[in-house]
Amino acid sequence: RMPRGLSKSRDIHEEELLEPLIPSVTANLEHRHSYVRKNAVLALGAIYKLPKGELLVPDAPEYLEKLLAGEQDLSTRRNAFQMLSRYAQDRAVAYLFSNLDRLADWGDVLQMAVLELARSVCAKSPEQKGRYIKIILALLESRSTAVVYECAVTLVSLSNAPTAVRAAANCFCQLLVTQSDNNVKLIVLDRLEELKERHREVMQDLLMDILRALSAPNLDIRRKTLDIALDLVNKRNVDEVVGVLKKEAMKTQNKDLEKGAEYRQLLVQAIHKCAVLYPDVSASVLPLLADFLADSNTASALDVVFFIREIAETNPKLHDAILERLTDSFPSIRASRVATCALWILAEHSKSAEEAHAGIELIKSCLGPLPFFKDAHGPGEN
């Protein structure tokens, strides 16, 4: 029921309730406590965005400009700058460009507000991208990780120029090795994957920087890093990439390495893919792979022996080296499926009588003495 004395035909609008409060709100913009000033800015913005807000407080942009000129509290300045950016963008732009020399000292939350303004202005006026990209490049030197990340994201959203893409990708690669949070690393890897799809040639030049993320102990990060890297391998960088993969594979021999067997399997698969694409690298990885035939992880050892079988089939020049390595490594093989495949390779690719004889002798030496005994009574005796 309506309270007595209040007519149903008369509506009370927000404007009517807020109008008497406006002097108090504007007065609190100069309150001695920053917490009050910060919330006064938010209140002023909330009033100004109402349908009749410009009539209620037409001087709101001037109040905010005045506050920005003398305010020391970072959060209050951020709120004021955001309000100007939304409701009086020209004034926010003017304030930004009149204070560019102090931009590096503005603090992370205010720098983030600058990036938000840059995206907004460039969306409305693409012809102004050039002047804002210079500001974003300057902010890449920020001490704040969040600001650097947002700068890189903003940069690639505004420009497809190779210099801009390279600058953003360099920032992402730096974040990969400096941030300890695995979630951050995975987010950055997602960004690098997006850049790989759109700017493959630029990203190929940064492949070795991306591979630095393999230093992370997390298997998901390593897997994602390898997936990105293998799509960027070409003739110019394949030797360097395989070199890194070989070093990482040797590290997995350390028994204290977390999930070393699983990581080794990923590396073997990555080396395999490189060798399939560029067979010339097969010779350099063969000695290392042969050492992994005795791997306690059967899946990893199987990957290795299948890889060696494929090299034997597709690269006749390595015939002798493969037989020699298999002969050396065969006694240490423990998994029956791995031994079966290794024996098939020896049998199939032993072309000469000497090689066949060497293979038979290898099998006999691995079996040990046969369980046959001479008859103690001599021939013909019971």
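On a predicted model such as this, the values are computed, not experimentally measured, just so you know. (Residues numbered from 1 in each chain as written. Predicted model: local features only at pLDDT ≥ 70, side-chain atom pairs only at ≥ 80, totals over all residues. Heavy atoms only, no water.)

Q: With reference to specific residues and values, describe the overall build of the protein chain.
A: Along its length, the protein chain carries 22 helices and zero strands. For 382 residues, the compact-globule estimate of 2.2 N^0.38 gives 21 Å, and the protein chain exceeds it by more than 25% at 35 Å. Dimensions of the protein chain, computed from the C-alpha atoms along their principal axes, are close to 135 × 55 × 40 Å. Taken across its 382 residues, the protein chain has 44% of its residues classed as buried. (Helix = DSSP H or I, 4+ residues; strand = E, 2+ residues; numbered from the N terminus. Rg over C-alpha atoms; globule rule 2.2 N^0.38 Å. Buried < 20%, exposed > 50% of the residue type's maximum accessible area, 1.4 Å probe, protein only.)

Q: Describe the packing of aromatic side chains, with residues and values.
A: One pass over the full model with this rule turns up six aromatic pairs. Look at tyrosine 95 and tryptophan 106: their rings are 5.6 Å apart centre to centre, the planes differ by 20°, and that puts the pair in the stacked class. Of this pair, tyrosine 95 sits in helix H7 (residues 89-98) while tryptophan 106 sits in the loop between H7 and helix H8 (108-124), and the two are eleven residues apart along the sequence. An aromatic cluster of at least three residues, connected via ring pairs, comprises Phe81, Tyr95 and Trp106. The ring of tyrosine 263 is capped by arginine 222, whose NZ or CZ atom sits 3.9 Å from the centre of that ring. One Lys or Arg, arginine 264, reaches over the ring of phenylalanine 292 and ends 5.5 Å from the middle of that ring. (Phe/Tyr/Trp six-rings, centres within 6.5 Å; stacked < 30°, edge-to-face > 60°. Lys NZ or Arg CZ within 6 Å of the ring centre and 35° of its normal.)

Q: Residue-level account of the nonpolar core, with values.
A: Counting residues in hydrophobic clusters, the biggest one holds 122 residues, and the most contacted among them are Phe81, Leu96, Phe172, Leu192 and Ile322. Looking at this core, the element that brings in the most residues is helix H11 (residues 162-178), giving ten residues. The contacts of phenylalanine 172, once residues within four sequence positions are left out, are Tyr149, Ala152, Val153, Val188, Arg191, Leu192 and Leu195. (Core = buried A, V, L, I, M, F, W, Y, C linked by side-chain atoms within 4.5 Å. Contact = heavy atoms within 4.5 Å.)

Q: Got a sec to walk through the packing of H7 against helix H9 (residues 129-139)? Specific residues and values, please.
A: At a minimum axis separation of 13 Å, H7 and H9 run at an interaxial angle of 50°. When the axes of H7 and H9 are compared, the pair comes out oblique. Crossing handedness for the pair H7 and H9: left-handed. For the pair H7 and H9, the contacting residues are Val93, Leu96 and Phe97 in the first and Arg131, Tyr132 and Ile135 in the second. For the contact of H7 with H9, the residue count by class is five nonpolar, no polar and one charged. (Axes fitted to C-alpha atoms, helices over the stretch in contact; angles between N-to-C directions. Parallel < 35°, antiparallel > 145°, perpendicular 65-115°, else oblique. Left-handed = near helix turned anticlockwise from the far one by under 90°. Nonpolar A, V, L, I, M, F, W, Y, C, P; charged D, E, K, R; others polar.)

Q: If you had to explain H9 to someone new, which residues and values would you point to?
A: Considered for burial, the residues of H9 that qualify are Tyr132, Ile133, Ile135, Ile136 and Leu139. Along the axis of H9, the buried residues cluster in a sector spanning 160°; they form a single face. Residues of H9 that are buried in the fold lie against H7, H8 and helix H10 (145-158). (Arc of directions from axis to C-beta.)

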